[in-house]
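Single-letter residue listing:
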Amino acid sequence: MRTALKMTISLLTSLIVFSAILGASYAGLFTVLETKFYQPSVASSLEKRLDTVSESLDEWHRDNFQKFAPFVTAESVTRSLLPNQETADIIERARLAGTLLAENPGLEGIRIIDAGPATGDSETRERTHRIHFSTIESDYLKKESSKISYERYNRNNQEVPFEQLSVSGSDSPKLILDAAADRFIYSYPFHDAYGAWRGCAVFYVNTGAAVQHLFGQNLLRLSDNLTLIHTDDYRLGGVVFG
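Residues numbered from 1 in each chain as written. Predicted model: local features only at pLDDT ≥ 70, side-chain atom pairs only at ≥ 80, totals over all residues. Heavy atoms only, no water.

**Details of the pairing of strand β9 (residues 237–241)**
The cut-off we apply is this: Strands qualify as paired when DSSP identifies two bridges or more between them. Only DSSP runs of H or I reaching four residues or more are called helices, and only runs of E reaching two or more are called strands; each is numbered from the N terminus.
Where strand β8 (residues 226–230) and β9 come together, five bridges link them in antiparallel fashion. Opposite His230, over in β9, you have Gly237 as the bridge partner. Between the end of β8 and the start of β9, which pair antiparallel, lie six residues, with Tyr234 showing a positive phi angle near 65°.

This is the structure we're talking about:
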């Protein structure tokens, strides 16, 4: 076939294809194709990505629960409720807490909070939730080498209410989302040196640590935002990425 004839056929073919595309666009065929093929494909891909992110985040929470659990049952920690504190126990608790804080950059603080008296109305119970151990500087009332006194829990009404943190003696640890402080709260039932349930041990981890974990899994960018949402009673919650 001569070159001129080839060029004529190619040009004619191009015109036919162009006319078909133009006609399809006027007929709305591309919109149909986008709706039926492109959009479901995007939705399916996004759903799979979200499932992967959710699974990775769940695994991260499980790892955190495992990391924090030994601290709750350490002998020096269970003796933190005794009226007469041994200096060795104070030093050992500080060492264990310091190690956790150093090894987990997103861990902002640790508290052991008393459940309060078994009797009395809700207002009275709220006033008597004592802190028996804390790594949070603002909790310190008086700090000496052989004795540390702490402020009452939630004295400024800016913390998650104890009733939402509390985990009874026979229950498993639980995760609470604290949107106001932009952090995850891991709460464990706490038993004293005699095995009696006395309250909860609480670990606070900021959301930035979760973003770092997901970034390491190539699931998020460091510039992505992670926002916590929950109901007023903290019973239901979730995570929004954007």
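From this point, things continue past the structure.
**Concerning the layout of surface pockets**
Condition: Detection works on a 1 Å grid of protein atoms alone, calling trapped sets that fit a 1.4 Å probe cavities and calling open sets with protein on both sides within 12 Å along at least five of seven lines pockets, with lining residues defined by an atom within 4 Å of a point. Grid points are joined across faces, edges and corners, and a volume is the space filled by probe spheres set on the points. Note on residue categories: nonpolar means Ala, Val, Leu, Ile, Met, Phe, Trp, Tyr, Cys or Pro, charged means Asp, Glu, Lys or Arg, and polar means any other residue, Gly included.
There is about 580 Å³ of room inside the largest pocket. Every element with two or more residues in the lining of the largest pocket is listed here: α4 (87–103), β2 (131–134), β3 (140–143) and β4 (148–150). Taken together, the residues of the lining of the largest pocket break down into 12 nonpolar, nine polar and six charged. Quantified by volume, the second largest pocket comes out at close to 170 Å³. Residue lining of the second largest pocket: Leu50, Val53, Ser54, Leu57, Asp58, His61, Leu175, Leu177, Phe184, Gly238, Val239 and Phe241, and that is the complete set. Those elements that provide at least two residues to the lining of the second largest pocket are α2 (29–73), β5 (174–178) and β9.

**A word on the packing of aromatic side chains**
Aromatic rings in a pair are described by how distant their centres are and how their planes are angled relative to each other. In plain terms, the rule: Here a Phe, Tyr or Trp ring, Trp counted by its six-membered ring, pairs with any other such ring whose centre lies within 6.5 Å, and the pair is stacked when the planes are under 30 degrees apart, edge-to-face when over 60, and tilted otherwise.
Within the structure shown, the criterion is met by nine aromatic pairs. Aromatic side chains Trp60 and Phe184 sit 5.8 Å apart centroid to centroid with 70° between the ring planes, which places their arrangement in the edge-to-face category. Of this pair, Trp60 sits in helix α2 while Phe184 sits in strand β6 (residues 183–191); the two residues are 124 residues apart in sequence, bridging distant segments of the chain.

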